[in-house]
Amino acid sequence: MKDVSHFIGGKHVKGTSGRFADGYQPMTGEVISKIALASKAEVRAAVENSMAAQPAWAATNPQRRARVFMKFLQLMERENEALAELLAREHGKTIPDAKGDILRGIEVVEFALGAPHLLKGEFTDGAGPGIDMYSMRQPLGVVAGITPFNFPAMIPMWKFAPAIACGNAFILKPSERAPGVPMRLAELMIEAGLPAGILNVVNGDKESVDALLDDPDIKAIGFVGSTSIAEYVYSRGTATGKRVQCFGGAKNHMVIMPDADMNQAVDALIGAGCGSAGERCMAISVAVPVGKGTADALMQKLIPRVEALKIGPSTDVSADYGPLVTKEALERVKSYVDIGVKEGANLVVDGRGFKMQGYEKGFYLGGCLFDNVTKDMRIYKEEIFGPVLSVLRANTYGEALKLCNDHEYGNGVAIYTRDGDAARDFASKVQVGMIGVNVPIPVPLAYYTFGGWKRSGFGDLNQHGPDSFRFYTKTKTITARWPSGVKEGAEFSIPTMG
Ligand code: NAD
């Protein structure tokens, strides 16, 4: 059994709160670690440690800061296999999927290498008579990130890479369900040359999150997780004057037009719906075929594919997906399937009885497929976060578009069609943050920004890309003139540039 503690000032620090959580290996259902849960005092110790380290880091020039990330990338190459295995064992996703999780984080680290360029200010020579004007971006100080279980490598890197590259110190509070990889990332950043205290990790639950939200010395919070907690973090964090961005849950639709290539649409749907056991905020959970003929053709191809899904332990590289993260998550998803049946949806593939031979205590669920789902059902309105696909039949394109727009979530969406006009109209009118045209999981690359609309996102700026450099810095604008440009006499009216 492994003890997972905190990582403060470049060292592992034992938890002193006396509170712990069990860490599971989802593929076997075994408890493999004991995770310390930080108290308010332990969070404060991490903040003070970060505060002491941050000014020197902010004064380090941006190329030198970026060089730490260059070295970190080399270490990530060395550690790739070991990290992917650790991630798969702790989270439950398969090893190839874990490698994707790591890579999508690495891409944001690569983007952060551009800090010297991205932090450049603006300059206007001669903004007025003898006057120059310029702006600069400065770090905020100590900032924190609170991350979910479902991307234990990617989301911590999305948060800490731009924050640290901007000259901030960062405190990470990873999910208590998968803290091993985030802890390892912090160790590797120190090995890469990051000064102690610039990346601290506190493990914990609500108590540590509240301590971060209320701490007056934390200047910004980046959160990713479920919508109810995102909303809570946003309101409590902003109430204490922090800059806060929160990314929440999702219900991502795939609209399938009558002219779509049905084989491609079905491949996309099954991968995006059931990959990672459906535990992705960009998973497709609702298919919306347009027209009866499209719906019937879809179901004919989709049913055998859901029935044939290969579920396996996380170490089976040929598995389509592995177990869910915890027994509670499994029970929760199963209970949604029960609800769907009670609500009158047609459960055409039922994975509730699935048992993984040799791994009977693991948290496995077979693929589930509902047809004839309607928009008033809870299984449509709420995020299930499991390998459960709902098919909601629309009569027209307009009806399909309206469904996407009326849903309270607006993270990702996809349209499958060969018609450029329909795709263009959809991209323009749909009220969703990230859109795929014949692309099922349209996660933008690191140099664009990532963020959902409606109740999938709270705050003004997105994650990664140029927005992350704006989020983690404050802008200052300087208006300067030298004595030779100063006219004699006091001026009492508002200054203008003449
Ligand atoms: P979660 O909301 O349970 O936990 C997220 C974080 O909040 C964790 O660090 C957790 O310790 C903390 N937390 C949990 N309960 C809390 C409470 N009562 N008060 C304060 N903090 C609390 O989310 P999860 O189950 O770890 O992750 C899955 C969710 O995250 C899904 O809803 C998924 O859609 C969402 N997600 C969103 C995005 C996005 O970018 N929009 C990306 C990934 C995941």
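What counts, and at which threshold
Residues numbered from 1 in each chain as written. Predicted model: local features only at pLDDT ≥ 70, side-chain atom pairs only at ≥ 80, totals over all residues. Heavy atoms only, no water. Helix = DSSP H or I, 4+ residues; strand = E, 2+ residues; numbered from the N terminus. Rg over C-alpha atoms; globule rule 2.2 N^0.38 Å. Buried < 20%, exposed > 50% of the residue type's maximum accessible area, 1.4 Å probe, protein only. Contact = heavy atoms within 4.5 Å. Pairing = 2+ DSSP bridges. Axes fitted to C-alpha atoms, helices over the stretch in contact; angles between N-to-C directions. Patch = residues over 30% accessible without salt bridge, like charges linked within 9 Å, V, L, I, M, F, W, Y side chains within 5 Å. Areas by Shrake-Rupley, 256 points an atom, 1.4 Å probe, with all protein chains shown as cover. Salt bridge = Lys/Arg side-chain N within 4 Å of Asp/Glu carboxyl O. Near = heavy atom within 4 Å. Polar contact = N/O pair within 3.5 Å; in protein donor to acceptor, adjacent residues only side chain to side chain. Nonpolar A, V, L, I, M, F, W, Y, C, P; charged D, E, K, R; others polar. Domains from an automatic or database assignment. Expected span 1.5 Å × (residues − 1). Arc of directions from axis to C-beta. Right-handed = clockwise from strand over helix to strand, strands pointing away. Buried area = accessible area lost by both parts, 1.4 Å probe. Core = buried A, V, L, I, M, F, W, Y, C linked by side-chain atoms within 4.5 Å. Phe/Tyr/Trp six-rings, centres within 6.5 Å; stacked < 30°, edge-to-face > 60°.

Engineer: Describe the overall build of the protein, listing the residues and the values that go with them.
Structural biologist: Regarding its fold elements, the protein presents 15 helices and 23 strands. Against the globule reference of 23 Å for 498 residues, the protein gives a C-alpha radius of gyration of 25 Å, in line with a compact fold. For the protein, the residues scored as buried account for 56% of the 498 residues in total. Residue pairs at least 24 apart in sequence account for 72% of intrachain contacts in the protein once pairs closer than 6 positions are excluded.

Engineer: Outline the sheet that holds strand 23 (residues 473-481), listing residues and values.
Structural biologist: Spatial ordering of the open sheet is given by 6-7-23, a layout of 3 strands whose pairing is antiparallel. The open sheet has two edge strands, strand 6 (123-128) and strand 23, and neither has a second partner. Shown here is a sheet whose adjacent strand axes are inclined to one another by a mean of 30°, direction ignored. Bridge analysis of strand 7 (residues 131-139) against strand 23 gives 9 bridges, and the strand direction is antiparallel. Bridge pairing links Arg137 to Thr475 in strand 23.

Engineer: Pulling in residues and values, what's your account of a nonpolar patch on the surface?
Structural biologist: The grouping of Phe123, Tyr134 and Met136 at the surface amounts to a nonpolar patch, some 280 Å² of accessible area in total. Structurally, Tyr134 is set in strand 7.

Engineer: Explain the site of the ligand to me, using residue names and the numbers behind them.
Structural biologist: Surveying the vicinity of the ligand reveals 29 residues, the closest of which are Lys173, Glu176, Arg177, Ser226 and Glu383. Between an oxygen atom of the ligand and a main-chain N or O atom of Phe149, the distance comes to 3.0 Å. At a separation of 2.6 Å, an oxygen atom of the ligand approaches a polar side-chain atom of Ser226. For the shell around the ligand, the secondary structure elements donating two or more residues are helix 7 (206-214), strand 11 (218-224) and helix 8 (227-239). In terms of residue class, the shell around the ligand is made up of 14 nonpolar, 10 polar and 5 charged. Taken domain by domain, the shell around the ligand gets at least three of its residues from each of domain 1 (2-248 + 456-478) and domain 2 (252-437).

Engineer: Talk me through helix 8; I want residue IDs and the actual numbers.
Structural biologist: The end-to-end C-alpha distance of helix 8, which contains 13 residues, comes to 18 Å, matching closely the 18 Å that a straight helix rising 1.5 Å per residue would cover. Of all the residues in helix 8, the buried ones are Thr227, Ala230, Val233 and Gly237. Projection of helix 8 onto a plane perpendicular to its axis shows the buried side chains occupying an angular sector of 120°, all on one side. Turned more than 90 degrees from where helix 8 packs its buried face, Ser228 and Ala239 sit exposed.

Engineer: I'd like to hear about the pairing of strand 20 (residues 434-437), residue by residue, with values.
Structural biologist: Every second residue of strand 20 is oriented toward a common face, the buried set being Met434 and Gly436 and the non-buried set Ile435 and Val437. In terms of strand pairing, strand 19 (residues 412-416) meets strand 20 through 4 bridges, oriented parallel. The residue bridging Gly412 from the neighbouring strand is Met434, located in strand 20. The β-α-β motif built from strand 19, the intervening helix 14 (residues 420-429) and the parallel element strand 20 has right-handed crossover chirality.

Engineer: How would you explain the pattern of salt bridges if you had to name every residue and give the values?
Structural biologist: In total, this model carries 33 salt bridges according to the counting rule given. Measuring nitrogen to oxygen at the nearest pair gives 3.6 Å for the salt bridge that ties Glu331 to Lys327. Placement of the pair is Glu331 and Lys327 together in helix 11 (residues 327-343), with a separation of 4 residues, close to one helical turn. For Glu331, a relative accessible area of 38% translates into the label partly exposed. Each of Arg78, Glu79, Arg184, Glu187 and Glu191 takes part in a single network of salt bridges with overlapping partners.

Engineer: I'd like a rundown of the environment of Ala220, residues and numbers included.
Structural biologist: Summarising the element assignment, Ala220 is placed in strand 11. Classification of Ala220 as buried rests on a relative accessible area of 0%. Look past the residues within four positions of Ala220 in its chain and what remains in contact with it is Leu140, Val142, Val143, Ala144, Arg243 and Phe471.

Engineer: Before we move on, can you summarise the domain arrangement of the protein with the specific residues and values?
Structural biologist: Partitioning the protein into structural domains gives domain 1 (2-248 + 456-478) and domain 2 (252-437). Of note, the centres of domain 1 and domain 2, computed from C-alpha atoms alone, are 31 Å apart. The junction of domain 1 with domain 2 conceals about 1,900 Å² of combined surface from both sides, 62% of it contributed by carbon and sulfur atoms. By the criterion of area lost to domain 2, the three top residues of domain 1 are Met27, Thr94 and Ser456, representing 29% of everything that side buries.

Engineer: Describe the side chain of His6, with residues and values.
Structural biologist: Tracing the backbone shows His6 in strand 2 (residues 6-8). Within the structure, His6 has its side chain in polar contact with the backbone nitrogen of Asn203 (distance 3.1 Å). Leaving out residues up to four positions away in the same chain, His6 has contacts with Lys11, His12, Val13, Gly15, Ala36, Leu37, Ala38, Glu42, Met183, Val201, Val202 and Asn203.

Engineer: Can you explain the nonpolar core? Please cite residues and give values.
Structural biologist: One finds Phe72 and Phe160 to be the most contacted residues of the largest nonpolar core, which totals 89 residues. Per element, the largest residue contribution to this core is 10 residues, and it comes from helix 2 (residues 62-91). Setting aside residues no more than four positions away along its own chain, Phe160 makes contact with Phe69, Phe72, Phe170, Leu185, Met189 and Leu199. Counting residues in each nonpolar core, the second largest holds 70 residues, with Leu330, Ala345, Phe370 and Ile384 among its members.

Engineer: Let's hear about the packing of aromatic side chains: which residues, and what values?
Structural biologist: What the rule picks out here adds up to 9 aromatic pairs. When the centroid spacing of 5.9 Å and the interplanar angle of 80° are considered together, the rings of Phe111 and Phe469 count as edge-to-face. Highlighted residues: Phe111 in helix 3 (residues 95-112) and Phe469 in helix 15 (residues 466-471), separated in sequence by 358 residues. Across this residue pair, the class does not change: Phe111 and Phe469 are buried. Here Tyr447 and Tyr448 contribute two aromatic rings whose centre-to-centre distance is 5.6 Å and whose plane-to-plane angle is 45°, an arrangement assigned as tilted. By the burial criterion, Tyr447 is exposed, and Tyr448 matches it.

Engineer: How would you sum up helix 13 (residues 397-406)? Please name residues and give values.
Structural biologist: Buried within helix 13 are the following residues: Tyr397, Ala400, Leu401, Leu403 and Cys404. All buried residues of helix 13 lie within an arc of 155° about the axis, which places them on one face of the element.

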